[in-house]
Amino acid sequence: MTAEQDASHNEQEHAVNIMNVDYSTKIPNNVNLSEDRQVLKALEGWHPGYIDWWNDMGPDGFQQSLVYLRTAYSVDPRGWAKFDYVKMPDYRWGILLAPQEENRVIPFGENFGQPAWQEVPGEHRATLRRLIVIQGDTEPASVEQQRYLGKTAPSLYDLRNLFQVNVEEGRHLWAMVYLLQKYFGRDGREEADELLRRRSGDADSPRMLGAFNEATPDWLSFFMFTYFTDRDGKMQLHSLAQSGFDPLSRTCRFMLTEEAHHMFVGETGISRVVQRTCEAMKAAGIGDPNDVAKVRALGVIDLPTIQKKLNLHYSLSLDLFGSEVSTNAANAFNAGIKGRYKETAIDDDHRLQNATYPVLKLIDGKITKVNEPALTALNMRLRDDYTQDCAKGMLRWNKIIALAGYDIRLELPNVAFHRQIGEFRDVRATPDGVLIDDATWNKRRNEWLPSSDDGDFIASLMTPVTETGVYASWISPPKVGIDNKPGDFEYVKIET
Ligand SMILES: [Fe+2]
Ligand SMILES: [Fe+2]
């Protein structure tokens, strides 16, 4: 081999190493952990606590079941996962970063065009740590929220999808913990321990964000959660994927590859529920989809109740974007830490010093659009991008309803509806955005949000189905199997 050939050979090998995951270490990774002794030691020290957390707070039951799961073996988006039966506690949670882009520059803010940082700049340390911890906290939270759903899965296919989402949220926790332990020294290690200590819904040490302390009591909630709340995650990851802190950017880019499946589970889950309801109504000759009692007697979930669940999960998820006008958001952007959704595809100066953005505000009791400095309105902008992304599901679901010949539509409620954070937190509004007083809200609340009766009805349908290829009465089978498996494939071997 000539020197030149040798160099190019080494380069190739290096490229392959970054793409492929090293499974020879206890902690699978593509960040060369075996040569990063200190971080490896810190992660190995954290590992037993993680396993304890998984056993205590991960899926209840099923820990000995064989689940047909995908595991990442590469970070090449064209082919990165392989499928096999795995017991969940044996899942290889790994640390996977998208390949480093050569000569990447910071794509926004005051440092626009400067080389991306490979280490944490001292002046941004606190902000970066806070953002990583907040993102990290949501990952185990959702596993905790979904902990009991396995017991009532409508099919083995759905059971498997739940567990896939759960193990990957576990991996996302690893992803954030790696960043904390590698780049934030002792504070980072302390934060990593705290991530295992907080618990969703716990009175004394809850998770950090509201929606991640809510219950996910049934499978319709699970589908709504993966559609709406995981989608907030998608938006946050997209803006962090723009970060000038390159390791964070690379981490988030790979997480987005996995996240797509979580939203698929939500979108198709709701589609299948809507589909089944429409088919059952049609077969029974029901003309009015608002005749809740008649529809429920068929053992399917009526569309008005689906709308109420949607109202709940969408409004809870909007709160995750924080205040519409926020100096924290402006600072993080200026600093080059957190960008906008698809920042590099936006055609402007990426500095926003003189730009404005329309923000919905409450002025003299009216919902009014006001131009604010674009920098402080970044949360609002991200929330708008989120709303647009959410609206795609409505189109799909409404198409199913229209095809079945029903004149009813699922709709996103107004941003002022049922809010606890931001401009509208102190007012009451209908899903159409009409401001109302407390008395009217109390009287009509159950028309817009799930009541305890609605919850009881849905709970009454949640009986597990564990036979291969069979689905509960209230949900249609999927159009295609996972990994192209046939309809009767045994996605979970419950007893082994
Ligand atoms: Fe996640
Ligand atoms: Fe997710």
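Only a predicted model underlies this, so the values are computations on that prediction, with no experimental measurement involved. (Residues numbered from 1 in each chain as written. Chains lettered and ligands numbered in written order. Predicted model: local features only at pLDDT ≥ 70, side-chain atom pairs only at ≥ 80, totals over all residues. Heavy atoms only, no water.)

S.K.: Looking at this structure, I do not really get the pairing of strand 4 (residues 366-373). What am I missing?
M.R.: Walk down a regular strand and you will see the side chains alternate between the two sheet faces. Examined bridge by bridge, strand 3 (residues 356-363) and strand 4 share eight bridges and lie antiparallel to one another. Opposite lysine 361, over in strand 4, you have threonine 368 as the bridge partner. Connecting strand 3 to the next strand, strand 4, in antiparallel fashion are two residues, including aspartate 364 with a positive phi near 50°. (Pairing = 2+ DSSP bridges. Helix = DSSP H or I, 4+ residues; strand = E, 2+ residues; numbered from the N terminus.)

S.K.: Explain the sheet that holds strand 7 (residues 492-493) here, please?
M.R.: The strands that make up a sheet pair up through hydrogen bonds in the backbone, lying either parallel or antiparallel. One open sheet holds the three strands; their spatial order is 2-1-7, and the pairing between them is antiparallel. On the outer flanks of this sheet lie strand 2 (81-87) and strand 7, each paired with one strand and no other. Pairing between strand 1 (residues 66-72) and strand 2: seven bridges, direction antiparallel. Note that in strand 2 the partner of arginine 70 across the bridge is phenylalanine 83. Along the sheet, helix 4 (residues 156-183) contacts strand 1, strand 2 and strand 7; its crossing angle with strand 1, the most-contacted strand, is approximately 45°. (Contact = heavy atoms within 4.5 Å. Axes fitted to C-alpha atoms, helices over the stretch in contact; angles between N-to-C directions.)

S.K.: What exactly am I supposed to notice about the coordination of the iron ion (ligand 1) here?
M.R.: Each donor-metal-donor angle in an ideal tetrahedron of four donors is 109.5 degrees, and each such angle in an ideal octahedron of six donors is either 90 or 180 degrees. Only Glu139 (OE), Glu169 (OE) and His172 (ND1) from the protein reach the iron ion (ligand 1) as donors, at distances of 2.0 to 2.2 Å. When the donors of the iron ion (ligand 1) are listed by position in the chain, the intervening gaps give E-x29-E-x2-H. Here the iron ion (ligand 2) and the iron ion (ligand 1) are spaced 3.5 Å from one another, each receiving a donor from glutamate 169. You can see glutamate 139 sitting in helix 3 (residues 125-145) and its partner glutamate 169 sitting in helix 4, a full 30 residues away along the chain. With respect to class, glutamate 139 is no different from glutamate 169; both count as buried. (Donors = N, O, S within 2.8 Å, 3.2 Å for Na, K, Ca; no water. Buried < 20%, exposed > 50% of the residue type's maximum accessible area, 1.4 Å probe, protein only.)

S.K.: I keep staring at the layout of surface pockets and nothing clicks. Help me out?
M.R.: Any space left empty among the atoms is revealed by the rolling of a water-sized probe across them. Of the pockets and cavities examined, the largest pocket occupies roughly 880 Å³. Secondary-structure elements contributing two or more residues to the lining of the largest pocket are helix 3, helix 4, helix 6 (219-241), helix 9 (303-319), helix 10 (327-335) and helix 11 (378-403). Residue contributions to the lining of the largest pocket peak at eight residues, all from helix 6. Considered class by class, the residues forming the lining of the largest pocket number 18 nonpolar, 15 polar and 12 charged. (1 Å grid on protein atoms, 1.4 Å probe; cavity = no way out; pocket = protein on both sides within 12 Å on 5 of 7 lines; lining within 4 Å. Points joined across faces, edges and corners; volume = space filled by probe spheres on them. Nonpolar A, V, L, I, M, F, W, Y, C, P; charged D, E, K, R; others polar.)

S.K.: Whenever I open this one, the packing of helix 4 against helix 5 (residues 185-197) confuses me. Can you help?
M.R.: A pair of packed helices is characterised by two quantities: the angle between their axes and the separation of those axes. Running from N to C, helix 4 and helix 5 cross one another at 155°; their axes reach a closest spacing of 6 Å. By the angle between their axes, helix 4 is roughly antiparallel relative to helix 5. Residues Leu173, Val177, Leu180, Gln181 and Tyr183 of helix 4 form the contact with helix 5, whose participating residues are Gly185, Gly188, Arg189, Glu191, Ala192, Leu195 and Leu196. Classifying every residue of the contact of helix 4 with helix 5 by side-chain character gives seven nonpolar, three polar and two charged. (Parallel < 35°, antiparallel > 145°, perpendicular 65-115°, else oblique.)

S.K.: Help me understand unusual backbone geometry, please; the structure alone is not making it clear to me.
M.R.: One can expect most non-glycine residues to show negative phi and most peptide bonds to be in trans. Unlike most non-glycine residues, lysine 342 shows phi in positive territory, near 50°. Looking at the element boundaries, lysine 342 is found in the loop between helix 10 and strand 3. Despite not being glycine, asparagine 484 shows a phi value in the positive range, around 55°. Along the chain, the position of asparagine 484 falls in the loop between helix 13 (452-461) and strand 7.

S.K.: Just to check I follow, could you spell out the coordination of the iron ion (ligand 2) for this structure?
M.R.: Donor atoms from the polypeptide that bind the iron ion (ligand 2) are Glu169 (OE), Asp230 (OD), Glu259 (OE) and His262 (ND1), placed at 1.9 to 2.2 Å. Taken together, the four donor atoms coordinating the iron ion (ligand 2) and their angles of 89 to 170° define a geometry best described as irregular. (Tetrahedral: all angles 85-135°; square planar, octahedral: opposite > 155°, others 65-115°.)

S.K.: Explanation requested: helix 11 in the structure shown.
M.R.: Residues three or four positions apart in an α-helix share a direction because the helix packs 3.6 residues into each turn. The end-to-end C-alpha distance of helix 11 is 39 Å, a good match for the 38 Å that 26 residues give at a rise of 1.5 Å each. Just past helix 11, the residue glycine 405 takes up positive phi, approximately 90°. (Expected span 1.5 Å × (residues − 1).)

S.K.: Quick question: what am I supposed to make of helix 6 here?
M.R.: The end-to-end C-alpha distance of helix 6, which contains 23 residues, comes to 31 Å, matching closely the 33 Å that a straight helix rising 1.5 Å per residue would cover. Phenylalanine 225 marks where helix 6 bends most, by close to 35°. Counting buried positions over the 23 residues of helix 6 gives 23, a clear majority of the element. In this structure aspartate 218 caps helix 6, since a side-chain oxygen of it lies 3.0 Å from the backbone nitrogen of leucine 220. (Bend = angle between axes of the 7 residues up to and from the residue. Polar contact = N/O pair within 3.5 Å; in protein donor to acceptor, adjacent residues only side chain to side chain.)

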